[in-house]
Amino acid sequence: MKFHYLFLVGLLFSISHTIQSQKTQYTLLECLALAGENSIAIKQALLDVENANINQQEANMSFYPSINASLNHSWNIGLNQNITTGILENITTQFSSVGISLNNTLYQGKRKFLELYRSNLNVLSQNLNLQEIRDNIFILVANAYLQIMLNRELYQVNQIQIELSNKELERTKNLIQAGIVIPSEVYELEANIASQEQALIVAENNLRLSKISLAQILLITDYENFDIGDEQFNVPFSLILAEDPKDIYHKAVETRATIKISKTNVDLASSNLAISKTFLLPSLSAFYSYNTRISYSDRRVGTDAIFQRPIGVVEETGQRVITSANESKVVGPLPFFDQWTLNDGHNFGLNLSIPILNGKSARFNVHRNLTNLQKAEEQYQQDRLNFETTINEAFNAAHGAYRFYQASLKTEISRENAYQVAQNRFQAGAINSFELIQAQQRYEIALSDLIRAKYDYIFKLKVLELYFGLPLNVDDIIDTSE
């Protein structure tokens, strides 16, 4: 029985280890979704949005009056006057007090409305910042993903070229045996294969580094088991390349968060200036408070019994002067709620505060915010100019990348045809192995350039579409024909 148990545990451990060691492959859409969940920058931006929402709620609540309640119970221990006998004694007395206060600002130069407006602008600004960070992260992930696709295709091309070179070497050896070519032709081919193997090692290393780079962006630490899906990408032609850069710029100004953030900063600076001016105005507030006090000490009260006591002597006759008074007795404290109503009090009124001289701190703050507003306006204009330059550069880059891809495609076709002709001529003995290798190397360079041009164009096109206000869409580049 024990043997079967150990065998089952070992089998489950082996299956679990096998499953964990399998490579996890992610598609581009899955990488984008994972980046949205794991990105630290996005998480921090979400926290900034949450703080902005809290500040907005605080600004809304500032319109309500402030209400505070107080409850106090105290013990007085030591030498105190006994209120029943009037004699100083070491006694302990207890008191309770209850109070409630209300304060409400009636006029403050619309400061609360301005602060609410500023908090709304801050919420908008933080949401725009979140959108901007997400777009940048998604572009970063897409670029890293395409870099892996590029390095993978280059690695596969190197593998194929080595296989073709090995087959070419075998054919050459057969031609040597047939006496068509001289034996020394083998050396050039073998040297070329060794050079291709070196290039394959470099391509493999580049592929691995690009995977690690994407995994780090996605906060994945299991580099060895991280991989991307075996997707094939098309080369799309977007109608956006037919647009005028000016139109793309005007569209981007309306949709992109970059310029909206800059414009919101101007509005925030303007609201700060308006708020600082309210500190130069009088403020009027109303207040009300209610208090009562409870004592737990004994008290002396009068009775109906009358007694007489002397209060002095007539100087001329020596006759005593006697007065009548009610006798008193010591009783316990009044009931709690009786004292509540007997000892309570109300306090209410208006408070007007007029700023006269405070080291000109309020006026300096106005000047400071005026300067900040001017800086924000200048920065907004500069951001628009920089953004227009960025749009033009992105448009020219995408347009040039597409034309370069078309030229690379023509070059690759021509180099492939030239390489096939060189193979036929070499087999016929018309050229030597050195000329064949030159044709092959030119074809390999043309093929590598075509692959690089393909992914360079795809990336630059997606950046341009993002500027145009289009969401990051990959359906038009993923090949679903299989």
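Quick caveat: nothing in here was measured; it's all calculated off a predicted structure.

### Re the overall build of the chain
Right, so step 1: Helix and strand counts for the chain come out as ten helices and eight strands.
Right, so step 2: By the burial criterion, 34% of the 482 residues in the chain qualify as buried.
Right, so step 3: The contacts in the chain between residues at least 6 apart in sequence include a share of 82% that link residues at least 24 apart.
Right, so step 4: When the accessible surface of the chain is split by element, carbon and sulfur atoms take 55% of a total near 29500 Å².

### Topic: the packing of helix α9 (residues 361-427) against helix α10 (residues 433-467)
Right, so step 1: Relative orientation of the contacting elements α9 and α10 amounts to 155°, with a least axis distance of 7 Å. As far as their axial angle goes, α10 and α9 are roughly antiparallel. Judged by the sense of rotation from one axis to the other, the crossing of α9 with α10 is left-handed.

### Some words on the packing of aromatic side chains
Right, so step 1: Evaluated as defined, the whole model comprises eight aromatic pairs.
Right, so step 2: Note on Tyr402 and Tyr457: the rings are 5.0 Å apart at their centroids and 50° apart in plane angle, and the pair reads as tilted. A residue pair is termed long-range when its members are at least 10 positions apart, and Tyr402 in helix α9 and Tyr457 in helix α10 qualify at 55 residues.
Right, so step 3: Judged by relative accessible area, Tyr402 falls into the buried class, the value being 19%.
Right, so step 4: On the basis of relative accessibility, which here comes to 0%, the residue Tyr457 falls in the buried class.
Right, so step 5: We note Arg111 situated over the ring of Phe279; from NZ or CZ to the ring centre the distance is 3.7 Å.

### Overview of α10
Right, so step 1: Taking 1.5 Å per residue, 35 residues should reach 51 Å; α10 reaches 51 Å between its end C-alpha atoms and fits that length.
Right, so step 2: Where burial is concerned, most of α10 is hidden: 25 out of the 35 residues are buried.
Right, so step 3: Among the residues of α10, the N-terminal cap falls to Asn432, whose side-chain oxygen and the backbone nitrogen of Phe434 are separated by 3.3 Å.
Right, so step 4: Just downstream of α10 lies Gly469, where phi reads positive at about 95°.

### With respect to the nonpolar core
A general tendency of soluble globular proteins is for nonpolar side chains to be buried together.
Right, so step 1: Judged by nonpolar contacts, the single largest core of 80 residues is most densely connected at Leu214 and Leu218.
Right, so step 2: Top contributing element to this core by residue count: helix α4 (residues 111-178), with 18 residues.

### Some thoughts on the confidence of the model for the chain
Right, so step 1: On average, residues of the chain score 84 in pLDDT, and 90% of them are at 70 or above.
Right, so step 2: Taking the mean pLDDT of every element in the chain, the minimum, 38, falls on helix α1 (residues 2-21) and the maximum, 95, on helix α3 (residues 40-61).
Right, so step 3: For the stretch residues 1-21, pLDDT sits under 50, and the model shows two contacts to residues farther than four places along the chain or on other chains.

### Describing helix α5 (residues 185-217)
Right, so step 1: Relative to the 48 Å expected for 33 residues at 1.5 Å per residue, α5 spans 49 Å between its end C-alpha atoms, a close match to the ideal helical length.
Right, so step 2: Directly beyond the C-terminal end of α5, a positive phi value near 60° is found at Leu219.

### Structural notes on the pattern of salt bridges
Where charged atoms from two side chains of opposite charge approach closely, those side chains can pair.
Right, so step 1: Scanning the model with the defined rule gives eleven salt bridges in all.
Right, so step 2: Here Arg256 makes a salt bridge to Glu132, at a shortest N to O gap of 3.4 Å. Of this pair, Arg256 sits in the loop between α6 (245-255) and α7 (257-278) while Glu132 is found in helix α4, placing the two residues 124 residues apart along the sequence.
Right, so step 3: Among the residues examined, Glu132 registers a relative accessible area of 14% and is labelled buried.
Right, so step 4: Here Asp227 ties to Lys211 by a salt bridge, and the two come within 3.2 Å at their closest N and O atoms.

### What about unusual backbone geometry?
Trans is the prevailing form of peptide bonds, just as negative phi is the prevailing case for residues other than glycine.
Right, so step 1: The backbone of Leu219 shows a phi angle near 60°, a positive value even though the residue is not glycine.
Right, so step 2: With respect to the helices and strands, Leu219 occurs in the loop between α5 and β4 (226-228).
Right, so step 3: The backbone of Lys360 shows a phi angle near 55°, a positive value even though the residue is not glycine.
Right, so step 4: In this fold, Lys360 is placed in the loop between β8 (345-353) and α9.

### Side note on the environment of Ser119
Right, so step 1: Inspection of the secondary structure puts Ser119 in helix α4.
Right, so step 2: Since its relative accessible area comes to 7%, Ser119 is described here as buried.
Right, so step 3: Considering only alpha carbons, one finds Ser119 and Asn60, 59 residues apart in sequence, at a separation of 9.2 Å.
Right, so step 4: Filtering out sequence-adjacent residues up to four positions away, Ser119 remains in contact with Asn55, Gln56 and Ala59.

### Side note on the side chain of Asp227
Right, so step 1: Examined against the element boundaries, Asp227 turns out to sit in strand β4.
Right, so step 2: A polar contact is formed between the side chain of Asp227 and the side chain of Arg152, at a distance of 3.1 Å.
Right, so step 3: A polar contact is formed between the side chain of Asp227 and the side chain of Lys211, at a distance of 3.2 Å.

### Comments concerning the environment of Asn129
Right, so step 1: Checked against the element boundaries, Asn129 lands in helix α4.
Right, so step 2: Using a relative accessible area of 26% as the deciding quantity, one classes Asn129 as partly exposed.
Right, so step 3: Between the alpha carbons of Asn129 and Thr258 there is a distance of 8.0 Å; along the sequence they are 129 residues apart.
Right, so step 4: Discounting chain neighbours no more than four positions away, the residues touching Asn129 are Ala45 and Ile261.

### Some words on a nonpolar patch on the surface
Right, so step 1: Side chains of Ile67, Ile100, Leu102, Tyr288 and Phe348 sit close together on the surface and give an oily, nonpolar patch of about 480 Å² of accessible area.
Right, so step 2: Within the fold, Ile100 resides in strand β3 (residues 88-107).

### So, the packing of α4 against α9
In helix packing, the relevant descriptors are the interaxial angle and the interaxial distance, both defined with respect to the helix axes.
Right, so step 1: Their axes nearest at 11 Å, the elements α4 and α9 cross at an angle of 25°. One element, α4, and the other, α9, form an angle in the roughly parallel class. Here Glu168, Arg171, Thr172 and Leu175 of α4 lie close against α9, whose contacting residues are Gln423, Phe426 and Gln427.
Right, so step 2: Looking at the contact of α4 with α9 residue by residue, the classes come out as two nonpolar, three polar and two charged.

Thresholds applied
Residues numbered from 1 in each chain as written. Predicted model: local features only at pLDDT ≥ 70, side-chain atom pairs only at ≥ 80, totals over all residues. Heavy atoms only, no water. Helix = DSSP H or I, 4+ residues; strand = E, 2+ residues; numbered from the N terminus. Buried < 20%, exposed > 50% of the residue type's maximum accessible area, 1.4 Å probe, protein only. Contact = heavy atoms within 4.5 Å. Areas by Shrake-Rupley, 256 points an atom, 1.4 Å probe, with all protein chains shown as cover. Axes fitted to C-alpha atoms, helices over the stretch in contact; angles between N-to-C directions. Parallel < 35°, antiparallel > 145°, perpendicular 65-115°, else oblique. Left-handed = near helix turned anticlockwise from the far one by under 90°. Phe/Tyr/Trp six-rings, centres within 6.5 Å; stacked < 30°, edge-to-face > 60°. Lys NZ or Arg CZ within 6 Å of the ring centre and 35° of its normal. Expected span 1.5 Å × (residues − 1). Polar contact = N/O pair within 3.5 Å; in protein donor to acceptor, adjacent residues only side chain to side chain. Core = buried A, V, L, I, M, F, W, Y, C linked by side-chain atoms within 4.5 Å. pLDDT = per-residue confidence, 0-100. Salt bridge = Lys/Arg side-chain N within 4 Å of Asp/Glu carboxyl O. Patch = residues over 30% accessible without salt bridge, like charges linked within 9 Å, V, L, I, M, F, W, Y side chains within 5 Å. Nonpolar A, V, L, I, M, F, W, Y, C, P; charged D, E, K, R; others polar.

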